[in-house]
Amino acid sequence: MSLLNQTIKKILPPDQRAIKFVENKLAQTMTNADGLGELKNLLLRYVGITGQIHPEIPKKFTIITCGDHGVAEMNVSAYPQETTAHMTKNYLVSKGAVANCMSNFCGSDMIVVDMGIKAPVDDIPGLIDRKIAHGTQNCAKGPAMTREQAIRAIETSIELVNEYAKQGYRCFLPGEMGIANTTSSAAMVACLCNLTPKQATGRGTNISDERLAIKIEVVKQALKVNKPDPTDGIDVISKLGGFELACITGIILGAAANRCFVVLDGFNTGSAALVAQAICPEITNYLMASHLAAEPAHNAILKKLNLSPYMDLQFRLGEATGSSIAVNILDCAIEAYQSVYQAALAETDKLIRPNIPQADLNTKTTLLKRTRNIPALDADIQKQCRFRIDNLTKPIYSLGRLEEIAEHISGIVKKVKPTSVRKKIIVLTSEKSCSIVQHRLTQSFAHHANADYHFTAIPQSNLTEKTLSFSLLQGISYGSKIKNVEVLGIACCETHPKEICGTFSLNIQQQLCLPNGDLRYGKRGFLSLTPTEDLQQIAFMAGIAIGAASNGILTLSDDLVSTIALKYALVLAPAINPYLMFVCPDYLDLNITTGGGCICSLGMKLIDASLQMMKDMKTFAEAGVAIATDGPGAGIQVDK
């Protein structure tokens, strides 16, 4: 029996016993575990795959597979074919690629495998040679490879996974490098998802309109010439695919056979997963999605695999970019579960009572000036930072919102190459409202984000005498005294001592928002509201954001309550807009309703990922990689 067939026979359904055990434990400990949203689903999927009833953070392994495509001769990429060899050297010598920085970010070990690079690469130290051939044939003119070569490529990576699974790795993060591979992937996706060539084909390395039109015609031609059988995955990848894509197919099959899991990245890993699904439908239970890629057909891939993305960061790049961020979110979910599991044994954290001198509140003019004197971001620093980002060894703009975050941070901290920020989370709570479970969750998420945190009592006041303006001023005073921090998370807790995801947020939403989610009041209308305890908290949180912005501090939203508070802060002081970051759903789509700093902690990890890019990646000139010859990158990227 062949290795491929042996592997398929080993792939079993998820462990329902482990899933039920963990689900019951969450229900016993939390009043509403569904408040963890997709974190709960990620956790349950993980325990079903591994069978761990006491889940541990997985040992991770990134495999970057490299191979050239004969179809590159059809001018379908923005980069010359030698870029495949250049980037392979960048991974292992300069260590300045996206794959390097993202594996560092998520704590993954990494190898680079030559499955079929055309150019000589014998001089690259550490490169694992599993070359099937010196690149595939041109799939627009006939089969990309033989069926035997496709099986050999798949079985080669199964052998790799078997080897590393024995060493304790449980999570595999495949990435790929191969000029023109999105053309091959587009053809495979068109076949397996029943799409037209135009529906399946995107810009890949950010090519021009003219080259995109050529690419669509090439995909159309490849399908017409080869007539692949969508019921036969090996037929599809042998006729249309690449050696590095077949390698990813094998990684997926091998991981499932070893009760390990694969976190899919973008379009190319998705196309390889479709091939694996065609070979063995059971493998979809061993896959986790990460992000929604910029390629137009990626959504169709995820739908066919029955997977949902956890973020939309506008990536148009492989190299395990989105998957490294997604697996970091899984790590956070596992840490949170471990924390909740131990909550009954834990003590609560010390509650800090804000010290807001009455004198501060009497000088309203001084405080209100803070709303008019918000420091501007350093535009010159941002311009220099953007130039460096555009010249990092990747297709231009391919890291989407991570690039935006890094550029924004550079303007705040006034550094062209920012590599770290100091972080703090403030959780507002009444003195008797916060449960031990909430304390442990907050501690767990803050620890994961490497952020300081504390619980802060909501300032007490006489409702018959005070106004929302007074609570706002209290918040501005408190926020203006925050020092030695560049990034601040503002969160709150439920009002019931045993609840984590109760009704507080819904009450606030009904009071302050319209049914469509828009704010119900303008500045004057909000401040003239009768100051209930809930509304005072909103005004106080809004004031903290304004005060923090006056010190050049970026404030991140947490749950729905803090999001509403920050939106009202923006109404009250529009100049603070550059100092606000709304984490969900602008960056992450996790359906979390749990408060206490969980969401803003994940937002802080996105900032960390963007700064890891700035810290680790090299420019084209520094790494000796060829620059773009087409698309917007051709006018911006430089090799000197």
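These numbers come from a predicted model, not from an experiment.

What should I look at first to understand the overall build of the protein chain in this one?
Helix and strand content of the protein chain: 26 helices and twelve strands. Taking 2.2 N^0.38 as the reference for a compact globule, 640 residues should give roughly 26 Å; the C-alpha atoms of the protein chain span a radius of gyration of 26 Å, in line with that estimate. Counting only C-alpha atoms, the protein chain reaches 80 × 55 × 45 Å along its principal axes. Per-residue burial over the protein chain gives 63% buried out of 640 residues. For the protein chain, long-range pairs separated by at least 24 residues make up 80% of all intrachain contacts whose partners lie at least 6 apart in sequence.

Just to check I follow, could you spell out the pattern of salt bridges for this structure?
Where side chains of opposite charge bring their charged atoms close, a pairing between them can arise. The full count for this structure, using the stated rule, is 20 salt bridges. A salt bridge links Arg386 to Glu403, with the shortest nitrogen-to-oxygen separation between them at 2.8 Å. One end of the pair, Arg386, is in helix α17 (residues 379–390); the other, Glu403, is in helix α18 (residues 400–413), and 17 residues separate them in sequence. Here Arg386 matches Glu403 in class, with each residue buried. With a closest N to O distance of 3.4 Å, Arg388 and Glu622 form a salt bridge. Within this pair, whereas Arg388 is found in helix α17, its partner Glu622 is found in helix α26 (residues 620–623), the two being separated by 234 residues in sequence.

When you look at a positive patch on the surface in this model, what are you seeing that I'm missing?
A cluster of basic residues, Lys369, Arg372, Lys523 and Arg524, forms a positive patch on the protein surface. Of all elements in the fold, only α16 (364–372) and α22 (523–527) reach the threshold of two or more residues within the positive patch.

So what exactly am I meant to see when it comes to the packing of aromatic side chains here?
The way to describe two aromatic rings as a pair is by their centre distance and the angle between their planes. Tallied over the entire structure, the rule returns nine aromatic pairs. A connected cluster of aromatic rings, assembled from ring pairs, spans Phe61, Tyr164, Tyr169 and Phe172. When the ring centre of Tyr169 is taken as reference, the NZ or CZ atom of Lys59 above it lies at 4.4 Å. One Lys or Arg, Arg401, reaches over the ring of Tyr587 and ends 4.1 Å from the middle of that ring.

What is the right way to read the packing of helix α5 (residues 98–106) against helix α14 (residues 321–341) from this model?
Pairs of packed helices are described in terms of their axes, by the angle between the two and the distance that separates them. Between α5 and α14, the least distance of the axes is 9 Å, while the angle of their chain directions is 0 degrees. Here α5 is positioned roughly parallel relative to α14, judged by the angle of their axes. Note on element contacts: α14 touches α5 through Thr321, Ser324, Ile325, Val327, Asn328 and Asp331, opposite Val98, Met102, Ser103, Phe105 and Cys106. Looking at the contact of α5 with α14, its residues break down into six nonpolar, four polar and one charged.

Explain the environment of Leu44 to me, please; I cannot follow it from the model alone.
Within the element layout of this structure, Leu44 appears in helix α3 (residues 38–50). Take Leu44: its relative accessible area is 10%, and that puts it in the buried class. Residues Leu44 and Phe21, spaced 23 residues apart in sequence, show a C-alpha to C-alpha distance of 9.7 Å. In contact with Leu44, other than residues within four places in its own chain, are Ile19, Val22 and Glu23.

What should I look at first to understand the sheet that holds strand β6 (residues 287–288) in this one?
Hydrogen bonds along the backbone pair up the strands of a sheet, which may run parallel or antiparallel. Across the sheet, six strands lie side by side as β3-β2-β1-β4-β5-β6; this open sheet has parallel pairing. Pairing within the sheet leaves two strands with one partner each, and these edge strands are β3 (128–129) and β6. Across seven bridges, the pairing between strand β1 (residues 60–67) and strand β2 (residues 109–116) is parallel. Among the inter-strand pairings, Cys66 is bridged to a residue of β2, identified as Asp114. Against the sheet, helix α6 (residues 147–166) engages β1, β2, β3 and β4 (171–177), with an angle of about 160 degrees to β2. Strand contacts of helix α11 (residues 243–257): β1, β2, β4, β5 (261–263) and β6, with the helix running at about 175 degrees to β4, the strand carrying the most contacts.

Whenever I open this one, the packing of α18 against helix α25 (residues 598–616) confuses me. Can you help?
Running from N to C, α18 and α25 point in directions that differ by 85 degrees, and their axes come no closer than 9 Å. If you check the angle between α18 and α25, you find them roughly perpendicular. For the pair α18 and α25, the contacting residues are Leu402, Glu403, Ile405, Ala406 and Ile409 in the first and Leu606, Ile607, Ala609, Ser610, Leu611, Met613 and Met614 in the second. For the contact of α18 with α25, a count of residues per class yields ten nonpolar, one polar and one charged.

Looking at this model, I keep getting lost on the pairing of β4. Mind explaining?
Side-chain direction in a regular strand flips from residue to residue, so the side chains alternate between the two faces of the sheet. With seven of seven residues buried, β4 is to be regarded as a mostly interior element. Residues Cys171, Leu173, Gly175 and Met177 line one face of β4 and the alternating positions Phe172, Pro174 and Glu176 line the opposite face, and both faces are buried. Pairing analysis gives two bridges linking β4 to β5, with the strands arranged parallel. Looking across to β5, one finds that Cys171 is bridged to Phe261.

Explanation requested: α3 in the structure shown.
Think of an α-helix as turning once every 3.6 residues; residues three or four places apart then point the same way. In a regular helix each residue adds 1.5 Å, so 13 residues correspond to 18 Å; α3 covers 18 Å between its end C-alpha atoms and thus fits that length. Across the 13 residues of α3, eleven count as buried, placing the element largely inside the fold. Every buried residue of α3 is accounted for by Glu38, Leu39, Lys40, Leu42, Leu43, Leu44, Tyr46, Val47, Gly48, Ile49 and Thr50. Buried residues in α3 make contact with α2 (16–29), β5, β6, α14 and α19 (436–448). Gly51 lies just past α3 and shows a positive phi near 75 degrees.

Got a minute to help me understand the state of the cysteines in this structure?
In protein structure, a disulfide is the covalent linkage between the sulfur atoms of two cysteines. Tallying each qualifying case throughout the model produces zero disulfides. Considering cysteine sulfurs only, Cys260 is the nearest to Cys280, which forms no disulfide, with 15 Å between them. Look at Cys280 and you get buried, because its relative accessible area is 6%.

It is not clear to me how the side chain of Thr284 should be interpreted in this structure. Could you clarify?
Turning to its location among the elements, Thr284 is positioned in the loop between α12 (267–279) and β6. Setting aside residues up to four positions removed in sequence, Thr284 forms contacts with Arg45, Gln277, Leu305 and Leu307.

Rules used in this analysis
Residues numbered from 1 in each chain as written. Predicted model: local features only at pLDDT ≥ 70, side-chain atom pairs only at ≥ 80, totals over all residues. Heavy atoms only, no water. Helix = DSSP H or I, 4+ residues; strand = E, 2+ residues; numbered from the N terminus. Rg over C-alpha atoms; globule rule 2.2 N^0.38 Å. Buried < 20%, exposed > 50% of the residue type's maximum accessible area, 1.4 Å probe, protein only. Contact = heavy atoms within 4.5 Å. Salt bridge = Lys/Arg side-chain N within 4 Å of Asp/Glu carboxyl O. Patch = residues over 30% accessible without salt bridge, like charges linked within 9 Å, V, L, I, M, F, W, Y side chains within 5 Å. Areas by Shrake-Rupley, 256 points an atom, 1.4 Å probe, with all protein chains shown as cover. Lys, Arg positive; Asp, Glu negative; His and termini not counted. Charge placed at Lys NZ, Arg CZ, Asp CG, Glu CD. Phe/Tyr/Trp six-rings, centres within 6.5 Å; stacked < 30°, edge-to-face > 60°. Lys NZ or Arg CZ within 6 Å of the ring centre and 35° of its normal. Axes fitted to C-alpha atoms, helices over the stretch in contact; angles between N-to-C directions. Parallel < 35°, antiparallel > 145°, perpendicular 65-115°, else oblique. Nonpolar A, V, L, I, M, F, W, Y, C, P; charged D, E, K, R; others polar. Pairing = 2+ DSSP bridges. Expected span 1.5 Å × (residues − 1). Disulfide = S-S within 2.5 Å.

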